[in-house]
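Understanding the architecture of this molecule
Chain by chain, the residues:
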2 protein chains.
Amino acid sequence: MTDAETFETRLAAVADEIETTLDGLLTAAPRPGETARPERLIAAMRHATLGGGKRLRPFLVVECAALFGRSGAGVLAAAAALECVHCYSLAHDDLPAMDDDDLRRGRPTVHKAFDEATAILAGDALLTLAFEVLAAPSTDADPGVRAALVSSLARASGLAGMVGGQVLDLAAESADASPGEAQIRTLQAMKTGALITCACEIGALVGRAGDDERTALIEYGRTIGLAFQLADDLLDVEGEAEALGKATAKDAARGKATLVGLIGIDETRRQIRALVEQADAHLALFGARGAVLSDTARFIAERRR
Amino acid sequence: MTDAETFETRLAAVADEIETTLDGLLTAAPRPGETARPERLIAAMRHATLGGGKRLRPFLVVECAALFGRSGAGVLAAAAALECVHCYSLAHDDLPAMDDDDLRRGRPTVHKAFDEATAILAGDALLTLAFEVLAAPSTDADPGVRAALVSSLARASGLAGMVGGQVLDLAAESADASPGEAQIRTLQAMKTGALITCACEIGALVGRAGDDERTALIEYGRTIGLAFQLADDLLDVEGEAEALGKATAKDAARGKATLVGLIGIDETRRQIRALVEQADAHLALFGARGAVLSDTARFIAERRR
């Protein structure tokens, strides 16, 4: 598949399926064995998760699983669980105590649409729900796979992964000295990279990938995670440059540590191209079956929003 | 065992083992496969979990597992995971956006000792760590048990359990009308009861309890969870009565919904006694082996702090 339109159609189709899956998880009515689902909490959880985004991480789960012929409700549930973790992290990062953002994708952030307490608790409940879903027999019939899914997501999103990366990012913003390249790479690998890599690992796990295949997908995930972050930094710089007529980055203005500020725009572009080639090299093992994941790497590298 | 000193010695011994287990989980040095453990985050997670408490929930895990001859590092890890969830919930509940408490057990709360962002993230990381620990092969060799542990904890602590109960509690505080008895019972069963019941279920799971035994322990957990909450409400009223010379409850003053305010002190005491008897009835199945859990019910009912 090299047709960009076909790729974007496929991406949108998976996003629709993830939306439907999340909608089904976040019903107002209590499930069997549940006492109650507080209406305001469910509403905030739905606000945090539904109605938006490219659903890139769930797409990676679905496409990695598809390499091994696995698809269906269980794969979508695992993908939706990972998306719950991504969405909870956005709700918490947006809080006044952290990035203090009022808007996300043009809509009020969770604490603006509800209140701070509800935004904190909705995030907590989404994180918890992710593990409930991964451990459910309906997600995967094999308990060994379910336990491995939980391990993978917990390691990627906890103190040595996403949450740890957010702590390092906040520390870098408030530090007197700008962080160096190694420090930025570490915090980005933890804050953004770990969950993207985890998406590929979860796809490999539900797909029953062999050891070599799983390793290749994890390395592919690491590589596109780096490309994702560099492309994001570049968008920030170029977006501001367009708006202000000069190359002043919004992130740089906030004291955010970005690599593009250290290595420059041209070098960032060169590194992104190199990462896309590396991603293809990790996919070589899969031959023609790897085409969608190869397109995904290009999509990430070239995205304009 | 009917000797109170023996019981309290046993409770203290398990608390020590849990402290050691939590200390071992929250090391500053990264584990194999981890990039980094941010120092400030680990420090806040340690502040939130170490150095205090009766460790009642972990004690229930340990003693329920002991009914079936199970003990050791795996049981303690499962018990410590559940305690991480309890401690994360306290760190988040203490935040300015919720109960806005500066002190807990005479020490500064996490957001006071660190800052709000760190308290939110330390809570997130503790919740995530709990699931990482439950899914680890070192906790239990059987992946089916590990997946069941994750399911049990996630259901007890999420939107239809502890987090949902906190949402209902905050809503009751800010509502114009005082909540009725049924409403209070629902929110307390979710906010406090679910995790106590889960402790018993986790003990049953790691102990390979049969269906009848597991059901009995879950019912025992529900019963002592109710007794725990009533005793807590009573302590609040009696503590204030001692301090102020009249029966004005601190919780009532804050608008907190308590049953003792609705049914009165004498009826509360009567219900607690009845619950202790019910707890013993659920333990009948275990004969003399149930003595420690029977003592635990009495300890909960009679506690003075």
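Computed from a predicted model, the values in this text were never measured in an experiment.

Concerning the environment of B:Asp99
Residues and elements named next belong to chain B.
- With respect to the secondary-structure elements, Asp99 resides in the loop between helix H4 (73-93) and strand E1 (103-104).
- With 180 residues separating them along the chain, Asp99 and Ala279 place their C-alpha atoms 32 Å apart.
- When near neighbours in sequence (up to four residues on either side) are disregarded, Asp99 contacts Asp93 and Asp94.

Focus on the relation of the copies chain B and chain A
- Expressed as a screw operation, the relation of chain B to chain A combines 0.0 Å of axial shift with a rotation of 180 degrees, fitting to an RMSD of 0.0 Å. Classification of the inter-copy transformation places it as that of a two-fold axis.
- Comparing contact sets, 100% of the residues at the interface of chain B also lie at the interface in chain A, consistent with an isologous, same-surface contact.

Comments concerning the interface of chain B and chain A
- Each side of the interface is counted separately: chain B has 49 residues, and chain A has 49 residues.
- Counting only elements with at least two residues in the side of chain B that touches chain A, the list comes to helix H2 (39-49), helix H6 (116-134), helix H7 (143-157), helix H8 (162-174) and helix H9 (181-206) of chain B.
- When grouped by side-chain class, the residues that make up the side of chain B that touches chain A number 31 nonpolar, ten polar and eight charged.

Section: H6(B)
- Here H6(B) contains 19 residues, and its C-alpha end-to-end distance of 28 Å stays within 8% of the 27 Å for a straight helix at 1.5 Å per residue.
- Across the 19 residues of H6(B), 18 count as buried, placing the element largely inside the fold.

Overview of the confidence of the model for chain A
- Summarising the model, chain A shows a mean pLDDT of 93, and 92% of its residues fall at 70 or more.
- Of the regions scoring below 50 in pLDDT, residues 244-248 of chain A engages in five contacts with residues more than four places distant in sequence or in other chains.

Quick notes on the environment of A:Arg10
Residues and elements named next belong to chain A.
- If you trace the backbone, Arg10 turns up in helix H1 (residues 4-25).
- Here Arg10 falls in the partly exposed class, since 18 other C-beta atoms lie within 10 Å of it.
- For Arg10 and Asp101, which are 91 residues apart along the polypeptide, the C-alpha to C-alpha distance reads 31 Å.

Basis of the calculations
- Residues numbered from 1 in each chain as written.
- Chains lettered and ligands numbered in written order.
- Predicted model: local features only at pLDDT ≥ 70, side-chain atom pairs only at ≥ 80, totals over all residues.
- Helix = DSSP H or I, 4+ residues; strand = E, 2+ residues; numbered from the N terminus.
- Contact = placed C-beta atoms within 7 Å.
- Least-squares fit on C-alpha atoms with pLDDT ≥ 70 in both.
- Nonpolar A, V, L, I, M, F, W, Y, C, P; charged D, E, K, R; others polar.
- Expected span 1.5 Å × (residues − 1).
- Buried ≥ 20, exposed ≤ 12 C-beta atoms within 10 Å, placed from the backbone.
- pLDDT = per-residue confidence, 0-100.

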